[in-house]
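Coordinates in review
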Amino acid sequence: MATKRKSALDTEDQSVAPTSIKRPKSRHTESKQNLDNTRRREFLEASPDSGQLSCDLPSPTRCVEGQSPKQHDATNGDSKPHRPMRLTVIEKGGDLFGAPPHAVLVHACNTVGSWGGGIAVAFKKHYPAAYKKYNHHCKQATASKTQIRGTAFLIPPHRDSSARLSKVKDQSSPSKSTHYIGCLFTSAEYGRRRDKPAQILEATRPAMLDLLRAVANAQKDGAELSEIWMCKINSGLFAVPWQKTRALLESIEVENGMPQTVWVYDREEPLVVGKSKR
Ligand SMILES: Nc1ncnc2c1ncn2[C@@H]1O[C@H](COP(=O)(O)OP(=O)(O)OC[C@H]2O[C@H](OP(=O)(O)O)[C@H](O)[C@@H]2O)[C@@H](O)[C@H]1O
């Protein structure tokens, strides 16, 4: 379950180590015998013993370090070109907080631990328990001097919220008790001290990938997650034009098992810049 995970920050553990390319022994030996001296030297130079990354057989086209055999084939025209799957961003009208059960609601956050302005205030009101977790996560990171900008934090639904909701008879969105909250740390600070638009955009890619990875891992662990819903992140108080963030999101290469679509919701009324109490 996602709840067992400490945070979406464990990306180091989840990242896939570069795969070394190994040659089948028999083929290796057979091809060796057929080599003339020049090609043999070339072959040996590129062999694993010489410390270089080698391809399947010696050939004029060298393997590029870090390429998988598949990518290598693709670049050499031996098979279909490797086409990475990119994230699809679909804009919709409507209420973000009316997301279906088990949806992940995503917004951009500072790393200070404040949901004091813009849509964050609404998140704080709708999901007070998630706010506490977000705040605690930021405080812990600050205490341990861990930089969390460019990462994400996936907060599972609060177990008691369903009971609390029924007590206060809040029928506006019964799905709320099943919503996950996805925090993207795209700026270290907020307000005047917020990062520059270029820095915010730079942090958005790794943060989004971190979130998609956390969602994929939670699903792998059996958690029930449905769609990914998001506001027009960075486009309000963080002052980054939405089209720039959208283009960046659409350039993200989706890894195996990750969700491939993000649904974007925008409110209809104009943005009120006034801050609530932090
Ligand atoms: N009540 C509401 N309902 C529905 N949609 C609403 C809304 N309010 C705004 N939107 C829209 O939601 C998008 C994002 O706009 P936002 O300004 O929220 O976020 P952002 O990503 O630019 O910046 C993040 C920092 O802003 C916050 O406030 P603090 O800096 O902490 O004070 C955080 O804590 C972060 O730090 C824009 O399309 C807004 O029209």
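Everything numeric here is computed off the predicted structure, so don't read it as measured data.

Mapped onto the elements, Asn-256 comes out in the loop between helix H9 (242-250) and strand E6 (261-266). Exposure remark for Asn-256: the relative accessible area of 81% places this residue in the exposed category.

Before going further, it helps to spend a moment on helix H6 (residues 128-143). The α-helix advances 3.6 residues per turn, and as a result positions three or four apart in sequence lie on the same side. Helix length check: H6 (16 residues) gives 23 Å between terminal C-alpha atoms against 22 Å at 1.5 Å per residue, within 8%. For H6, the full list of buried residues reads Ala-129, Ala-130, Tyr-131, Tyr-134, Asn-135, His-137, Cys-138 and Ala-141. Packing partners of the buried residues in H6 comprise strand E2 (104-110), helix H5 (119-126), strand E3 (152-155) and strand E4 (180-187). Phi for Lys-145, located one or two positions after H6, is positive at around 55°.

The residue His-102 is not glycine, and still its phi comes out positive at about 65°. By the secondary structure assignment, His-102 is in the loop between strand E1 (88-93) and E2. The backbone phi angle of Asn-234 is positive, close to 70°, even though this residue is not glycine. Structurally, Asn-234 is set in the loop between strand E5 (228-230) and H9. With relative accessibility at 3%, the residue Asn-234 sits in the buried group.

We now examine the state of the cysteines. Under the criterion given, the structure shown has 0 disulfides. Cys-183 forms no disulfide, and the closest cysteine sulfur to it belongs to Cys-109, at a distance of 4.0 Å. Unpaired in this structure, Cys-231 has its nearest cysteine sulfur neighbour in Cys-109, at a distance of 9.0 Å.

When you line up the elements, Thr-204 lands in helix H8 (residues 197-220). For Thr-204, a relative accessible area of 0% puts it in the buried group. At 2.7 Å, the side chain of Thr-204 forms a polar contact with the backbone oxygen of Ile-200. Reaching out from Thr-204, the side chain makes a polar contact with the side chain of Asn-234 at a distance of 3.1 Å. Apart from the residues lying within four places of it in its own chain, the contact partners of Thr-204 are Thr-186, Ile-233, Asn-234, Thr-245, Leu-248 and Leu-249.

Paired through backbone hydrogen bonds, the strands of a sheet run either parallel or antiparallel to each other. Read from one edge to the other, the open sheet built from 6 strands follows the order E1-E6-E5-E2-E4-E3, with strand pairing classed as mixed. The open sheet has two edge strands with one neighbour each: E1 and E3. Mean inter-strand twist for the sheet, computed between neighbouring axes without regard to direction, equals 30°. Packed on one face of the sheet, H8 meets E2, E3, E4, E5 and E6 and runs near 155° to E4. Lying on the sheet, H9 is in contact with E1, E5 and E6; it crosses E1 at an angle near 140°.

What counts, and at which threshold
Residues numbered from 1 in each chain as written. Predicted model: local features only at pLDDT ≥ 70, side-chain atom pairs only at ≥ 80, totals over all residues. Heavy atoms only, no water. Helix = DSSP H or I, 4+ residues; strand = E, 2+ residues; numbered from the N terminus. Buried < 20%, exposed > 50% of the residue type's maximum accessible area, 1.4 Å probe, protein only. Expected span 1.5 Å × (residues − 1). Contact = heavy atoms within 4.5 Å. Disulfide = S-S within 2.5 Å. Polar contact = N/O pair within 3.5 Å; in protein donor to acceptor, adjacent residues only side chain to side chain. Pairing = 2+ DSSP bridges. Axes fitted to C-alpha atoms, helices over the stretch in contact; angles between N-to-C directions.

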